[in-house]
Amino acid sequence: MKLRFTKMHGLGNDFIIIDCRRRAIKNPSQVVKKLSRRRFAVGFDQAILLKGSRRADFRMEIYNNDGGRVEMCGNGIRCLASYIWKRGIRKKSPLEIETPAGIIRPEKAGKLIKVDMGSPVTKGRLIPVRSDEAVISRPFRVKDRTLKITCVSMGNPHCVIFVKDVDGFPVTEFGPIIERAKFFPKRTNVEFVEIMSRKRLKMRVWERGSGETLACGTGASAAAVAAHLNGLADRSVTVRLRGGNLKIHWSSKKNRVYMTGPAEEVFEGTVEI
């Protein structure tokens, strides 16, 4: 079977987008895991399947490169919206896209795309973490260090850790340990954040099921929320990731997080599966 796909990225966080509205993929987890291998196949952080929806304009299914399903992806939904608009599948803005995290609404913002990411969740069991209370600056032992963690859900779980030098921090050593710690029943994404000022954050991210990626939209949103909850930043910040910048605003009136950033198409292709 030949599979058509489009390769896209949001700040270096890369995806393949597959239109499954008329043709389903059997065993998508296995297909994604096979195609995600860099140097041996297409290579990507996540795969996004475009499907029809009875509740919204479209439905988005997201798979990490290990084949696991995830609830939401901020960079991915910008890429999917751009894919839809560029091909004239639907011209309206904002779009309504159904995800396991709810209906998300990306809209055009000049050359960028703005996404209403919804309201952050800080109640422990709803993130989920193994705590009934909010987890804000909580000591957390990892190997020989005690780190302070703040946990937020942006439709998917995030553990935010503030560090003095994010470029020098051993993200690839601590990220996988924290991701799979028992405190996180569904595993977690891990954000390591350096406070540059009240309006600028620098971040590296260890994504659940994908490893370190160049950017993460839900992670940047969670980091901005966590920074404000800890009194370290304002509600509007620029988050500098290894792949570029995202603008994040946490509205005090609506209690909703808005993310603005780019989406780029790289190429189209066909692969045998």
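Refer to the structure printed above.
As the structure is a computational prediction, the values presented were derived from the model and not from experiment. (Residues numbered from 1 in each chain as written. Predicted model: local features only at pLDDT ≥ 70, side-chain atom pairs only at ≥ 80, totals over all residues. Heavy atoms only, no water.)

Caption draft 1: Highlighting the overall build of the protein chain. Within the protein chain, the secondary structure is distributed over four helices and 18 strands. A globule of 273 residues ought to have a C-alpha radius of gyration of about 19 Å, and the protein chain, at 18 Å, matches this closely. With respect to the three principal axes, the spread of C-alpha positions in the protein chain is 50 × 40 × 30 Å. Per-residue burial over the protein chain gives 55% buried out of 273 residues. Long-range pairs, those at least 24 residues apart, make up 61% of the contacts in the protein chain with a sequence separation of at least 6. Accessible surface, the protein chain as shown: approximately 12500 Å² in total, 46% of it carbon and sulfur. In the protein chain, 53 side chains carry a positive charge and 27 a negative one; their mean positions are 2 Å apart. (Helix = DSSP H or I, 4+ residues; strand = E, 2+ residues; numbered from the N terminus. Rg over C-alpha atoms; globule rule 2.2 N^0.38 Å. Buried < 20%, exposed > 50% of the residue type's maximum accessible area, 1.4 Å probe, protein only. Contact = heavy atoms within 4.5 Å. Areas by Shrake-Rupley, 256 points an atom, 1.4 Å probe, with all protein chains shown as cover. Lys, Arg positive; Asp, Glu negative; His and termini not counted. Charge placed at Lys NZ, Arg CZ, Asp CG, Glu CD.)

Caption draft 2: Representation of the state of the cysteines. Enumeration according to the criterion identifies zero disulfides in this entry. Its sulfur unpaired, Cys159 is 4.6 Å from the next cysteine sulfur, which belongs to Cys151. Taking relative accessible area as the criterion, Cys159 reaches 0% and is therefore assigned buried. Between Cys216, a cysteine without a disulfide, and Cys73, which holds the nearest cysteine sulfur, the sulfur-to-sulfur distance is 6.4 Å. On the basis of relative accessible area, Cys216 is assigned to the buried category, the value being 3%. (Disulfide = S-S within 2.5 Å.)

Caption draft 3: Summary view of the nonpolar core. Counting 51 residues, the largest nonpolar core has Met60, Leu80, Ile84, Met203, Val239 and Ile248 as the members making the most contacts within it. Among the nonpolar cores identified, the runner-up in size contains 22 residues, and Leu147, Ile149, Phe169 and Phe183 belong to it. (Core = buried A, V, L, I, M, F, W, Y, C linked by side-chain atoms within 4.5 Å.)

Caption draft 4: Local environment of the pattern of salt bridges. One pass over the structure, following the stated rule, counts 25 salt bridges. Salt-bridge contacts for Arg21 lead to Asp19; the nearest nitrogen and oxygen are separated by 2.7 Å. Salt-bridge contacts for Asp116 lead to Arg256; the nearest nitrogen and oxygen are separated by 2.9 Å. With Asp116 in strand β8 (residues 112-118) and Arg256 in the loop between β16 (244-250) and β17 (257-261), this pair connects stretches of sequence that are 140 residues apart. Residues participating in the shared-partner salt-bridge network are Asp167, Lys202, Arg204, Glu212 and Arg242. (Salt bridge = Lys/Arg side-chain N within 4 Å of Asp/Glu carboxyl O.)

Caption draft 5: The side chain of Asn189, seen in detail. Its place among the elements puts Asn189 in strand β12 (residues 189-197). By relative accessible area, Asn189 is classed as buried at 4%. Polar side-chain contacts of Asn189 include one of 2.9 Å to the backbone nitrogen of Arg208. If we ignore the near neighbours within four places in the chain, the residues touching Asn189 are Asn156, Pro157, His158, Cys159, Trp206, Glu207 and Arg208. (Polar contact = N/O pair within 3.5 Å; in protein donor to acceptor, adjacent residues only side chain to side chain.)

Caption draft 6: Structural view of the packing of aromatic side chains. The final tally for this structure, using the stated rule, is six aromatic pairs. Ring centres of Phe140 and Phe184 lie 5.9 Å apart, and the angle between their planes is 50°; this geometry places the pair in the tilted category. Of the two residues, Phe140 sits in strand β9 (residues 138-142) while Phe184 sits in the loop between α3 (171-179) and β12, which places them 44 residues apart along the sequence. Each ring, one from Phe169 and one from Phe174, has its centre 5.5 Å from the other, and the planes form 45°; the classification is tilted. Accessibility classification places Phe169 together with Phe174 in one group, the buried group. (Phe/Tyr/Trp six-rings, centres within 6.5 Å; stacked < 30°, edge-to-face > 60°.)

Caption draft 7: Quick look at the pairing of strand β2 (residues 13-19). Most of β2 sits inside the fold, with six of its seven residues counted as buried. In the sheet, strand β1 (residues 2-10) pairs with β2 via five bridges, with the strands oriented antiparallel. Bridge pairing links Thr6 to Ile17 in β2. In sequence, β1 turns back onto β2 through a hairpin of two residues, with Leu11 there showing a positive phi of about 60°. When β2 meets strand β3 (residues 46-51), the two strands line up parallel, connected through five bridges. Along β3, the bridge assignment pairs Phe15 with Gln46. Chirality of the crossover, the property in question, places the unit of β2, helix α1 (residues 28-35) and β3 among those that are right-handed. (Pairing = 2+ DSSP bridges. Right-handed = clockwise from strand over helix to strand, strands pointing away.)

Caption draft 8: Up close: α1. Taken together, the buried positions of α1 are occupied by Pro28, Val31, Val32 and Leu35. Projected down its long axis, α1 carries its buried residues within an arc of 95°, all on one side. Turned more than 90 degrees away from the buried face of α1, the exposed residues are Gln30 and Lys33. Looking at the buried positions of α1, the neighbouring elements they touch are β1, β2, β3, β4 (58-64) and β18 (264-272). (Arc of directions from axis to C-beta.)

Caption draft 9: Structural detail: α3. Among all positions of α3, only Val171, Phe174, Gly175, Ile178 and Glu179 are buried. Down the axis of α3, the buried side of the element spans an arc of 130°, and every buried residue falls inside it. In this structure, the buried side of α3 is in contact with β9, β10 (145-153), β11 (157-162), β12, β13 (200-207) and β14 (211-213).

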